[in-house]
Amino acid sequence: MSADKRPGLADATRGRILFGGDYNPEQWPEETWHEDVRLMRDAGVNSVTLGVFSWAKLEPRPGEREFGWLDRLMDLMYENSIGVVLATPTSSPPPWLGRLHPETLPRDEDGRSEWWGGRQHFSHSSAAYRRYAAAITEDLAARYGGHPALTMWHINNEYCTYDWGDEAAARFRRWLQTKYGTLDALNSAWGTAFWSQGYGDWEEVLPPRHAHYLKNPAQVLDFKRFTSDMLLECYVAERDIVRRHTPSPIPVTTNFMPLWVGQDAWRWAEEEDVVSVDLYPDPRDPLGAQHGALVQDMTRSQARGPWMLMEQAAGPVNWRGVNHPKPRGLNRLWSLQAVARGADAVCYFQWRQSRQGAEKFHSGMVSHAGEEGRTYQEVKQLGAELAGISGEVTGSHTSNDIAILHDWHSWWAGSHEGRLSTQVDYAEVLTTWHRALWQAHLATDFAHPEHDLTAYKLVVVPQLYALTDAAIDNLLVYVRSGGTLVCGFLTGIADEDDRVRPGGMDPRLRELFGIRTLHEWWPLDAEETAETDGFCGTLWSEEIEAAGDASVEVAYKGGELDGLPAVLRNGRAWYVSTLPEPHALRVLLAGIAADAGARPVLDGLPDRLEAVRRGDLLFVLNHGRESVTVQVPGTHRDLLTGATVRAEVTLGRYGVVVLRP
Amino acid sequence: MSADKRPGLADATRGRILFGGDYNPEQWPEETWHEDVRLMRDAGVNSVTLGVFSWAKLEPRPGEREFGWLDRLMDLMYENSIGVVLATPTSSPPPWLGRLHPETLPRDEDGRSEWWGGRQHFSHSSAAYRRYAAAITEDLAARYGGHPALTMWHINNEYCTYDWGDEAAARFRRWLQTKYGTLDALNSAWGTAFWSQGYGDWEEVLPPRHAHYLKNPAQVLDFKRFTSDMLLECYVAERDIVRRHTPSPIPVTTNFMPLWVGQDAWRWAEEEDVVSVDLYPDPRDPLGAQHGALVQDMTRSQARGPWMLMEQAAGPVNWRGVNHPKPRGLNRLWSLQAVARGADAVCYFQWRQSRQGAEKFHSGMVSHAGEEGRTYQEVKQLGAELAGISGEVTGSHTSNDIAILHDWHSWWAGSHEGRLSTQVDYAEVLTTWHRALWQAHLATDFAHPEHDLTAYKLVVVPQLYALTDAAIDNLLVYVRSGGTLVCGFLTGIADEDDRVRPGGMDPRLRELFGIRTLHEWWPLDAEETAETDGFCGTLWSEEIEAAGDASVEVAYKGGELDGLPAVLRNGRAWYVSTLPEPHALRVLLAGIAADAGARPVLDGLPDRLEAVRRGDLLFVLNHGRESVTVQVPGTHRDLLTGATVRAEVTLGRYGVVVLRP
Amino acid sequence: MSADKRPGLADATRGRILFGGDYNPEQWPEETWHEDVRLMRDAGVNSVTLGVFSWAKLEPRPGEREFGWLDRLMDLMYENSIGVVLATPTSSPPPWLGRLHPETLPRDEDGRSEWWGGRQHFSHSSAAYRRYAAAITEDLAARYGGHPALTMWHINNEYCTYDWGDEAAARFRRWLQTKYGTLDALNSAWGTAFWSQGYGDWEEVLPPRHAHYLKNPAQVLDFKRFTSDMLLECYVAERDIVRRHTPSPIPVTTNFMPLWVGQDAWRWAEEEDVVSVDLYPDPRDPLGAQHGALVQDMTRSQARGPWMLMEQAAGPVNWRGVNHPKPRGLNRLWSLQAVARGADAVCYFQWRQSRQGAEKFHSGMVSHAGEEGRTYQEVKQLGAELAGISGEVTGSHTSNDIAILHDWHSWWAGSHEGRLSTQVDYAEVLTTWHRALWQAHLATDFAHPEHDLTAYKLVVVPQLYALTDAAIDNLLVYVRSGGTLVCGFLTGIADEDDRVRPGGMDPRLRELFGIRTLHEWWPLDAEETAETDGFCGTLWSEEIEAAGDASVEVAYKGGELDGLPAVLRNGRAWYVSTLPEPHALRVLLAGIAADAGARPVLDGLPDRLEAVRRGDLLFVLNHGRESVTVQVPGTHRDLLTGATVRAEVTLGRYGVVVLRP
């Protein structure tokens, strides 16, 4: 099957928003399964994910197989018109594997084993693990690849393990040999001439284990790349097995953790038929909705179309210090926010809350309180509403005028322990810039710095410490082609080997922004601010000398940097050498966006309201607890209530309308 | 000797309050021993504990014995009428044991060894350790079991070690085999169907070592039980040896650390002839006296009669961040508080402050300042006073009207890393409830949830997350029999396998308290409070629906829980779904106690004053630095001064009276 | 060559202040070397340090040698009249060494290896490491010992490693055998009678590895001594090799880290021809200049004459949480401060800022901004100024009237985990006392407690927890000879084995200060203060009883210590039982100094101004950013500007004058 004929999410949804969640029936007696199906049907559940943690049940002893219970479940689901997202069980190997092959257990940088008794205690590099994982995947796929209940394959679960052990070291060396070919090339890329680290034999190369002092940053960077690639190898191996056994167009996915640092999701997404993500904003976080919006924007951008919300929580999770439940209405609000931003699947971990095990205080769609509990009652209401709008929603996709650039490799390179400020956290900076645009009601996509950007009116770079030459060229082309570019500090500092660019920032970028000399970076202390003639800067400031033709839009005021540029403009290229306080960043970006022709989704929207377009539809969401009346030009029909909306609409606490013109 | 003929504390006190402490004469030349005896006699010391850390001295090389120095000491004590509490030296093995048998060293969950060079570097599971410990115990007991100086056996010292190593793993498996019989039973109790943890062979089972993510909570719980049981096995083995060699009625004890999490002291106490405890409140802690009261109440309840204060400090300890000395009078005050609450022994670590070693800044009865130092002078005064009241005090015991329920297994189960709030700390909640009663001058016992409670007027459950069916029945019977029960949140959530009860809280308890549905738990953030129409709640709140016949005594006000019950009452059963701020909890409990017929020890006592009854005696203690006059109905004689007290008495700074009617 | 004929710093300076820094040309193509030399010459650089991290380059595979590149560099430097401080490369072994000899990797107390990939991953105790280090040193010395560019040998770099591993254990035992001769002596010194730690065989003795509870303090103390001694053995071995191969008078040094806890620098300095130090005050620290002054005073005192500033930063470092650059002028100011306090060499890490590796964000004399950057421009200006004053400065030395006593062994002994207050930090106390004198413009030396002190008018002991009998005698002799002594709390508590002195403080010292009884120490909590009738005390207070003839100069007021001495005087011996708040300490010490005849460098100097005499010269430095006018009696010439200064001089921001009468 050629790549362009790959199945996609539409093959699983078939016009319905998928609604359901992880189902771990191994925990329950079979009589509960029938009770479950009754409640699922009442709640409009049309999809369950089976098998995520079933390895020990499917293979209780090495090489044995017990499929009967899963046969019965698959059939039960089919009889009840509930589709099955079937998982390979390889994220949690059975105890026997660790006992038989201790080398399958990952080692941390201190040499500690990660033992069984939790989950994800597998080394991506272990040949034994890969062999056993392939075998159970093969048999599972052979047995169920043609089952009529099957709607999607789900490989492993939340890939997220590292390994510094000996077998990983051997594989790291092979990965490096493939990348560099020669030790000379590796020594050059890693800058091993410093600190006497020159390698004379491949066998000397190790993962960056515990060291006396700072580790080699390029070694650490390559180790992160290696880790992402090894996990991807594990995924691809299982994906290829299930594809081989699946006759009909059944898509394959694996679920990302939101903005997880360890996985280059741009690259992973290319290997998936469906991009799916798990999303757990803190219900108590006043900016939880923005966190959701960011992850949804990023996932949609990776999917380049509809995507799947694989896991969310109907109530509390159990891994925060204090785990808050969702107040009445919040589960519905955040679910519809995901649909507005492109989700064609709204799913949960997990269907029925566990009574035992490490996650028994993680909520389920059916909580400990059961059918009478508020949680299930709200799930049921939501199921009905999603079914009502499914036909108007699924399959549609909207691109936006603004792109935020994001790259894992740059994140990794910029996180080295020997950097100038540990106060600077890539994910926080990225989040702060997205937040400014979100609060200005400006819809955003995410893009990789080497993506074609020419369709965007505005490109925003919160921070890309390391950029390839290709990425730099891409930015130059974009601005030359008439695009507007806004770029935050610590961008273009290093190349892909984490080698500092001449002058401390790439000369082409300095020319683009009108920076003659970058004398010194002036990072700010935790509570420190830098005054300017416009706003307060935080986190960072810079001693830069502007080129003659650049315009100092905002200048530092007082102190050592008095008069130097905080915001520098050179035509359509803007450089921001500090992190403006949130309101100032929002005003700055809104102004630049307006000049670039990028407009808010709706004009005049109050704070805590969000408007999102998906295809022809306009979703308006009230993230506040007070009623708000919103102006909506023209006449629409609210798909949720059927009401006609003329010029304005009032949204109650956590209220949502889905407006069709 | 049958159990009911076992010796007790009275066999050691013989009518005198034991006064003295740990004596480690190995540190001093023999001429100092004679100086020590002179000072002991001057101070009224009648008991010393020998041998706690003498293993290397008694057995300098494997299998050798050097008893001569101890012979001389035993004789010296006998000649001076000082009784000896003789310790088995097994808490600190000599260096040769670790070198000869590295497997005797415990391993932590990360695999790190605990090396010699400190103390307590022994694995409870090591066969070699147990063998050597038994041998030295045997020889010690054979030699001194009949010595006339001997008054008590002291086994080991502050048992408190864990071990995650391989020999412990083997013993853990045997312990589990005994408990569960079959792997099926273990798999069911541990809920291994979740996360693919099913065990197919006993050899696969391990202690809960370092894992990638959350550990299996039932495995962790059983490992805590196992640890307590293994330590108890070590204790029992040595106890049985010394009993075998001891002709006269000499009781056996081991000293608890106060409210130490790792030891099920209810079960341990049953195996002791004398219950003893070490107690080190921070002299700077304004609530140090309440901490003392709690530990004393608990120890007396475990002993079901007089108990032994095995260790306290005459001055500072040396293991806090900042170690404060005791101001003038505080040592006397807290010693008499212990006597008031049932202690028949007031002892210290240690007699003479060390000049070398890890504890040389831990105070002694004779401090570095020596005989002239304030510390020794106060010890001497106390010794005289204790001798003066001994005859009226020893042997007497008082039970109280109120029981606070406490259970280690519930504590363990409720402490899992995957719980809803890490802000909730069992020991803090327990302490907060005890404090409310203590500040209301209500005297309390502690009881196990399966103890017969029918004699109590009021039973208080601060928090018992996990309860057996027997315990639940016990509570139901208690209320049905006319008892008043007050119960805090997070009680009755799980069974003894940490399996969540149906509905998230046991249905029988929900019926008892009038809870129809427990929709969601709403834990509070660190500084957050929940408003009610009566007080502010802290730590926790709940979304519960009351049954029709229950009465909402206090309701949440505002927020998501508006109108829902903070305090719910169903007849004599009260449920408190938050932790009221301290004053409110005191008022609430005082009111319920009054209704139940439980009265304060003395009416109208001001804050910082404490009144305690022991037998016929009334102790009144001033924990403040200002003089206070207290009303005491009737006429008494103060045993300390001989003065007659009519209707009122004035207590100076840290003052105490011991009143006999 | 006999010790008194050893070469010294003057053999390297030859009348010029050495100016330059670490040069790591391995990182750059050879064309850059020529560009470097041009910039060095423009900046007046006359000294570079080569080879610090060149082991892998010099010995790319075991036993191979590649000297050609270094030959070319040595010649290039010589041709350009730039002297070379040539380093043995032994601080960062090549990866092949760790692979070939894993036992060369240090182990921490938890057993973790320190792997290669950073630097300093060598065990001082490894025979293999020592063998390979000697071999490369031998060949390097043989080849370059007679090279005309060579001006100094630099052994290793910032010795600072510990090792708890097995080979270190074996060496520790040998070190202990040499020190103690018999196990009995060791057992006595370590107080092993406590906690059953008696050793019966040398093989039982270990480094103080991870333990269950507090470690033996004397064992920890000896392990610190052993570590310092092993590192010194490594140094001496390489020093002796290079001496053997060096015909002309070329001095040998190794660079200290400032006030680093692990090295007894008094003893080390005796083994060096030149004492050198690395110094990195935080540019943002308002007391950075005082930190510099302290390190400079200490280094000069160790050198007993001119010394070498081996490393400082021209801009930011990269190992703090937030790394600030140096504002304009600060590099010059702090460099001249070092010269004022005796430095005859002003050098940097490193010449050219790295583009790769772990320190690429550590500044260089040539920053990423290059020749145009402010950093290099300021370096160039400084180079010219130093050349201008060199002739008047080099070789001169000034002793002061006040000595502050400092001793590493006392620091080590007093840092045990089982001490009374973890709030008390030796280095902070030392710094606070030095600061008080510095702010009072009183010039200070540092001295060891056994040094001859009789030339000093005032001796100050901030805190010397452990003192030998010889040191105590030395203090007594000093006071008896007419000296004035001021002594802070926690002094004279223990002997050199960390055995507490009788009475808790040495009786001879108590008599000296007029302390009759030291009843109890009263450490203070973090934010707590102790009121006196003169000032607020911090950190500590004491319950002491004064002898009849002593005078209570300042008494505690209120609380438990009311009326007891905070400052006690007995003739010329003063005892301070708390840490007065900074201003009070300054006033107290200034008064005592005045009485003792020790005068400020200049009278009436405002805050933030510093005056330092070196030989005939008077340096005045403005550490503030505002201009200040200073009175300077008489007429001087400012060597930096050539201007004549009569009676007063105005210093601008960070201004400096170097005045010759």
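Residues numbered from 1 in each chain as written. Chains lettered and ligands numbered in written order. Predicted model: local features only at pLDDT ≥ 70, side-chain atom pairs only at ≥ 80, totals over all residues.

## A look at helix α11 (residues 288-303) of chain C
Residues and elements named next belong to chain C. Counted only if it meets this: Runs of H or I in DSSP of at least four residues are treated as helices and runs of E of at least two as strands, each being numbered from the N terminus. Multiplying 1.5 Å by the residue count of a helix minus one yields the expected span of that helix. For every residue, the other C-beta atoms within 10 Å of its own C-beta are counted; 20 or more classify it as buried, 12 or fewer as exposed, and values in between as partly exposed. C-beta atoms are placed from the backbone.
Taking 1.5 Å of rise per residue, 16 residues should cover 22 Å, and α11 covers 22 Å from first to last C-alpha, within 8% of that figure. Where burial is concerned, most of α11 is hidden: 15 out of the 16 residues are buried. With its phi angle positive at about 55°, Arg304 sits one or two positions after the end of α11.

## A look at the relation of the copies chain A and chain B
Under the convention used in this document: For the least-squares superposition of copies, only C-alpha atoms count, and only for residues with pLDDT at least 70 in both.
Rotating chain A by 120° about the axis while translating it 0.0 Å along that axis superimposes it on chain B, leaving an RMSD of 0.0 Å. Taken together, the turn and the small shift mark the pair as related by a three-fold rotation axis.

## A word on the sheet that holds strand β26 (residues 656-660) of chain B
Residues and elements named next belong to chain B. Note the cut-off: By this definition, two strands are paired if DSSP reports at least two bridges between them. Every axis in this analysis is a line fitted to C-alpha atoms, fitted for helices over the stretch in contact. Angles between the N-to-C directions lie between 0 and 180 degrees.
With respect to topology, five strands assemble into an open sheet ordered β22-β23-β26-β24-β25, the strand pairing being antiparallel. Looking at strand neighbours, the two that pair on one side only are β22 (609-614) and β25 (644-651), the edges of this open sheet. On average, each strand axis in the sheet is inclined to that of its neighbour by 25°, with strand direction left out of account. In terms of strand pairing, β22 meets strand β23 (residues 617-622) through six bridges, oriented antiparallel. Bridging from a neighbouring strand, Arg613 pairs with Leu618 of β23.

## Points about the pairing of strand β8 (residues 307-311) of chain B
All names here are of chain B. Heads up, the condition is: The handedness of a crossover follows from its direction of travel: if, with the strands pointing away from the viewer, the path from the first strand over the helix to the second runs clockwise, the crossover is right-handed.
By the criterion of burial, β8 is predominantly enclosed, with five of the five residues buried. Of the pairings in the sheet, the one linking strand β7 (residues 276-278) to β8 comprises three bridges and is parallel in character. By the bridge assignment, Ser276 is partnered in β8 with Met308. In this fold, β7 hands off to helix α11 (residues 288-303), which returns the chain to β8; that crossover is right-handed. Crossover β8 to strand β9 (residues 343-348) through helix α12 (residues 330-340) is right-handed.

## Section: the sheet that holds strand β12 (residues 458-461) of chain A
Residue and element names in this part refer to chain A. If you trace the seven strands from one edge of the open sheet to the other, you get β11-β10-β12-β13-β20-β19-β18, paired in mixed fashion. Whereas interior strands pair on both sides, the edge strands pair on one side only; in this sheet they are β11 (444-447) and β18 (551-555). Here the average twist between neighbouring strands, direction ignored, is 20°. The sheet contact formed by β12 and strand β13 (residues 484-488) spans four bridges and is parallel. Paired with Val461 across the bridge in β13 is Cys487.

## Overview of the UniProt feature "domain: Beta-galactosidase trimerisation" (unreviewed entry) in chain A
Quick reminder of the rule: UniProt positions are given in the numbering used here, feature names are shortened, and annotations may be inferred rather than shown by experiment.
In the UniProt entry, the feature "domain: Beta-galactosidase trimerisation" (unreviewed entry) is given for residues 401-597 of chain A. As annotated, residues 401-597 of chain A has a helix share of 28% and a strand share of 28%, and its two end C-alpha atoms lie 9 Å apart.

## A look at the environment of Thr151 of chain B
Residues and elements named next belong to chain B. To keep it simple, the criterion reads: Each residue gets a C-beta atom placed from its backbone, and two residues are in contact if those atoms lie within 7 Å.
Within the element layout of this structure, Thr151 appears in strand β4 (residues 150-154). On the basis of neighbour counts, which here come to 22 C-beta atoms within 10 Å, the residue Thr151 falls in the buried class. In this structure, Thr151 is in contact with Ala12, Ser47, Gly83, Val84, Val85 and Ile250, ignoring residues within four places of it in sequence.

## Considering the pairing of strand β10 (residues 402-405) of chain B
Consecutive side chains along a regular strand alternate between the two faces of the sheet. Residues and elements named next belong to chain B. Residues Ile402 and Ile404 line one face of β10 and the alternating positions Ala403 and Leu405 line the opposite face, and both faces are buried. Sheet topology note: the β10/strand β12 (residues 458-461) ladder contains three bridges and is parallel. Paired with Ile404 across the two strands is Val460, which belongs to β12. Across four bridges, β10 lies against strand β11 (residues 444-447) in parallel orientation. Counted as the bridge partner of Leu405 is Ala447 from β11.

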